[in-house]
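Close look at the chain arrangement
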Amino acid sequence: MPNRNHIKKSILSFLGRINLRLWILAAIFIVLAVIWIDRLFSLQIINGESYLNNFQLKIRRTVSTAGTRGNIYDRNGNVLAYNELTYSVTMQDSYATDGHDKNLNSTISKVIDMVEGNGDSITADFDISMNSEDEYTFTVSDTALLRFLADVYGHASVDDLLYQEKTKSAPEVISDLALRYNLITDSQTGSSADELSKSSGYSAKKLLEMVVIRYNLNLNSYQKYIASTVAFNVSSQTVAEIEENSDVLQGVAIAEGTVRKYTDSVYFSQIIGYTGKVSTDELTTLQETNSSYTSSDVVGKSGIEKSMESELQGKKGSETIYVDNLGKQLEVTDVKEPTAGNDVYLAIDKDLQETAYDVLERKLADILLLKIKDVKTYELPEDGSNSKLITPIYDVYNACLNNIIDLKHLSGASAGANEKAVYGEFTDYSDGVRDRLRSELTSTKTPYDQLDKEYQVYESYLVQYLYSNGVLKQDEIDKTDQTYVDWTTNETISLNAFLTYAISKNWVDVDKLDLTGKYSDSSEVMQAIVDYIDTNMSKDLDFRKKEYKYALFNDSISPQQVCMVLIEQKLVTPPADELSSFESGTETPFTFMTNRITNLDITPAQLALDPYSASMVITDVTNGDVLAMVTYPSYDNNKMSNGVDAAYYESLREDASKPLINYATQQKTAPGSTFKLVTATAGLMEGAITTDSEITCTGTFDKISPSPHCWIWPNGAHGTLNVTGGIQNSCNCFFYEVGYRLGLVNGVYDSDTGIEKLKKYADMYGLTETSGVEIEEASPSISTGDSVRSAIGQGNSGFTTTQLARYVTTVANSGTCYNLTLIDKIKDTNGDLLEDNAATIRNVIDLPTSYWDAMHLGMREVVMGKRYFNDFPVNVAGKTGTAQESLTRPNHALFICYAPYESPKIAVATRIANGYTSDYAAQITQQVLKYYFNLADKNDLIADNSTMSGSIAAD
């Protein structure tokens, strides 16, 4: 193929010889020739106006420039989200075709080394990351995963994906992309991060970073003058090093811009959300209303940042860029400055939000401390009751091993003496486990039901692992097959028997196994499965965590060692005197650990033992403003914005406490007895009861079978009650009867009729729709079970805390049901008011005053019966609720209330997931009410670790 420069010189020589009368035709010829040459060399000419200037092709392109994003404030003007001037590393693909991949990859490698060498991070806006096992993993699933795969493999629609594309594993996708970008060769493609690392010559992490950069550069392949950001918010050291090496870093530059910053981020991240590079689906949606969005834009990804995108996003400016045929920028003209977005003020009170969050954490720790007992294990009572559940201290030690301690560091070069000792014990224990599993799979073949619990856990995990990695073809297995039933349901055969049978039925994908021959007999396939399991379990962190657990419970690792590793890894720092006592043996591991929880050196979220999550929503009952929306635990959205911190995001995904869930808007549970106000309203309005009607509780309701009991049974009964007394005592039998009467049709009970009436009045309180808050929220579900049990909130209803907050707000103001709002107002950058937002009224419940009075009085008497509200200066009315979801975990604890009773200002809905008893939720709420009404200082509330009290009865 001819040399490009030689051809161009020949053209210029020809130009000097031609007649002046042919200048115009010659110029046209030159332009066409250069275009032809560039195409010959696979160079792309960007659409735009081109012309000759000193014989150099210049291409003009008008591009948009983003405006600064608006700030977010609380209702009092405290800034919660803002922009900070910073520097980023950007890159353009300006390399010629000859040696393109080699040269570009070399530059990218240098840039990564410089950035990370100075302690900065490469941006990771990509749907594959490294997990804690140092393996590639998808960070999205379902539809989002298919959309990602369609983008990777160049399909406009997910429907165009080939089967082999849509079933690719994350390592396989990285392998395909690495091959595409010449980071590996065809003969070196691997199936794991470790194999790909060896093939490419880069670490697995660096290979992923190089693939991500190449992928993002490729997104701009038709607009090479648009740079891709390689690293956000870099240090001055990185800036200096990049600039000093600019001569060998073609296409790399330092760009000045802004990064999104969040104040006190953990308290507000679930409300505010974060920003990031727009995805394909997001871009399509945004362009439907604003065509100026482009694939390089940064947009709101969740929370208020997403829902208020149109207000927060600045108005774009523009500039004309001249580039050469390689996309290298030559000149910028016609600059039109962008304008900043509008500022959004939330209805949230910053101080109230932060106090409520800290109180929740403090009190969850106190509940946990009440339930921790100095025993190794605990068995449920024979009656299956969960009312006496405890947390054995060994569960706490195990949680430290599995959730807090860095297990990989135990075997690292810098491991301390205690870490090395623990790892040595673990290695010996693990070797024994692997030996027995190999034996079970090849010779011993113990039926599953005859294995001890530990090995049942191991074998169940192994089968699930084979399913999730495609070795067992789950979609092709006949679920009615007797052998399958004997393994999954009857549990009467061994794992060897099941796998041998699966091989014979072609339920095993042999392509996933390391088999030397194209055709292998069943024994060879079985041995390949055994080898596959043995190889992968040695590096599978989830499996190793199970081994660590049993090494602890079987005394190979001691509680003392667990505590010492916490100290050695600097995860806790006990006072010097306590450390001395512990090291000398004077202080026991039990006391050491409970002290850490008491001092919040170790938090409920870190342990992820019940209860570890909670939510609270506080509203202004007069206008529907949300003053606080608290979810515990939470996360730092500073590490999610401006290019996701891949390691941090992966740690959140693997966190057992699930901090990415907004427990206020996304967790739904049964409402428990808080629903009884709906039932009371339905009974009164449908004529099933009056305010004077009396119903007698005997402890058992015998009009349906099986007969449900009142929560007080078998320790007594409530006797005869009216509706106020029914609410005050939260009497199940009273509301069973109301639910039964609502279902009567001509004197015959019809549950469906009762359910429809309950749904009608639940709708009046807004419980059939999301609450109105301007962030994503799970839709409620209304019970479809029998109307008797549904009447006490124990059917299959499910509501978020925000939905319960709207409900109690409607009760508090006697009937005005608002679409709750998080937005107070919107201002422009000059501070001029653009919109004074207010919650809209969804509907008004028209009840006689006497009905409201009866229900309000019942709620007031509920609170008056709680000793922890004795002498509380502000009169509070409320309703407790305890919802059972599992016999092996504690019940959910709920409390809804409003205050002051005489003239309500605020309403509160509190939920402690698996929080044992509603009394705990009520006591936490009381602490926050103290702060709101200026009865206690925040620091005093957080320091108060006084013992919680409460009944475990399901009221």
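What counts, and at which threshold
- Residues numbered from 1 in each chain as written.
- Predicted model: local features only at pLDDT ≥ 70, side-chain atom pairs only at ≥ 80, totals over all residues.
- Heavy atoms only, no water.
- Buried < 20%, exposed > 50% of the residue type's maximum accessible area, 1.4 Å probe, protein only.
- Helix = DSSP H or I, 4+ residues; strand = E, 2+ residues; numbered from the N terminus.
- Pairing = 2+ DSSP bridges.
- Axes fitted to C-alpha atoms, helices over the stretch in contact; angles between N-to-C directions.
- Contact = heavy atoms within 4.5 Å.
- Core = buried A, V, L, I, M, F, W, Y, C linked by side-chain atoms within 4.5 Å.
- Parallel < 35°, antiparallel > 145°, perpendicular 65-115°, else oblique.
- Nonpolar A, V, L, I, M, F, W, Y, C, P; charged D, E, K, R; others polar.
- pLDDT = per-residue confidence, 0-100.
- Expected span 1.5 Å × (residues − 1).

Turning next to the pairing of strand β17 (residues 626-632). When you tally the buried positions in β17, you get 7 out of 7 residues, the bulk of the element. Hairpin connection between strand β16 (residues 614-620) and β17: a loop of 5 residues separates the two successive antiparallel strands, and Gly624 in this loop has a positive phi of roughly 80°.

What follows deals with the sheet that holds strand β26 (residues 877-883). Within the open sheet, the 5 strands sit side by side as β17-β16-β28-β27-β26. Their pairing is antiparallel. Strands at the two margins of the open sheet, each flanked by one partner only, are β17 and β26. Across the sheet, the axes of successive neighbouring strands diverge by a mean angle of 5°, strand direction being ignored. Note that β16 and β17 share 6 bridges and pair antiparallel. Paired with Ser615 across the strands is Thr631, a residue of β17. Together, β16, β17 and β28 (906-912) form the strand contacts of helix α14 (residues 350-371), whose direction differs from that of β17 by roughly 35°.

So, about the nonpolar core. Within the largest apolar cluster, 90 residues are counted, with the highest numbers of intra-cluster contacts made by Leu346 and Tyr765. When residues in this core are grouped by element, the largest group, 7 residues, is from helix α29 (residues 732-742). When residues no more than four places from it in sequence are discounted, the contact partners of Leu346 are Ile72, Tyr73, Asp74, Arg75, Leu80, Ile271, Ile272, Ile304, Leu822, Ile823 and Asp824. Core analysis: the next-biggest nonpolar cluster, separate from the first, contains 75 residues, Tyr448, Ile493, Phe582 and Leu607 among them.

Contact pair helix α17 (residues 453-468) / helix α21 (residues 541-553): the axes reach a minimum separation of 11 Å and the direction vectors enclose 180°. Between α17 and α21, the interaxial angle falls into the category roughly antiparallel. Here α17 contributes Lys453, Glu454, Val457, Tyr458, Tyr461 and Leu462 to the contact with α21, which in turn contributes Asp542, Phe543, Lys546, Glu547 and Tyr550. Across the contact of α17 with α21, the residue classes tally to 6 nonpolar, no polar and 5 charged.

Within the secondary structure, Ser538 sits in the loop between α20 (522-537) and α21. Sequence-wise, Ser538 and Asp431 are 107 residues apart; in three dimensions their C-alpha atoms are separated by 9.6 Å. Excluding its chain neighbours within four sequence positions, the residues that come into contact with Ser538 are Arg434 and Arg544.

Moving on to the confidence of the model for the protein chain. Per-residue confidence for the protein chain averages 89 on the pLDDT scale, and 90% of its residues sit at or above 70. Across residues 35-55 the pLDDT falls below 50, and counting only partners more than four positions away or on other chains, this stretch makes 52 contacts in the model.

To continue, consider α20. Given a rise of 1.5 Å per residue, 16 residues ought to cover 22 Å, and the 22 Å separating the end C-alpha atoms of α20 matches this to within 8%. Looking at α20, one finds that the buried residues are Val525, Met526, Ala528, Ile529, Val530, Tyr532, Ile533, Asn536 and Met537. Buried residues belonging to α20 abut α16 (417-444), α17, α19 (495-504) and α21.

A few words now on unusual backbone geometry. Cis geometry is adopted by the peptide bond preceding Pro611, which originates at Asp610 and carries an omega value of -5°. Structurally, Pro611 is set in the loop between α25 (604-607) and β16. With an omega of 0°, the peptide bond running from Tyr632 to Pro633 counts as cis. Summarising the element assignment, Pro633 is placed in the loop between β17 and α26 (646-654). In this structure, Asn506 takes a positive phi of about 60° despite not being glycine. Tracing the backbone through its elements, the reader meets Asn506 in the loop between α19 and α20.

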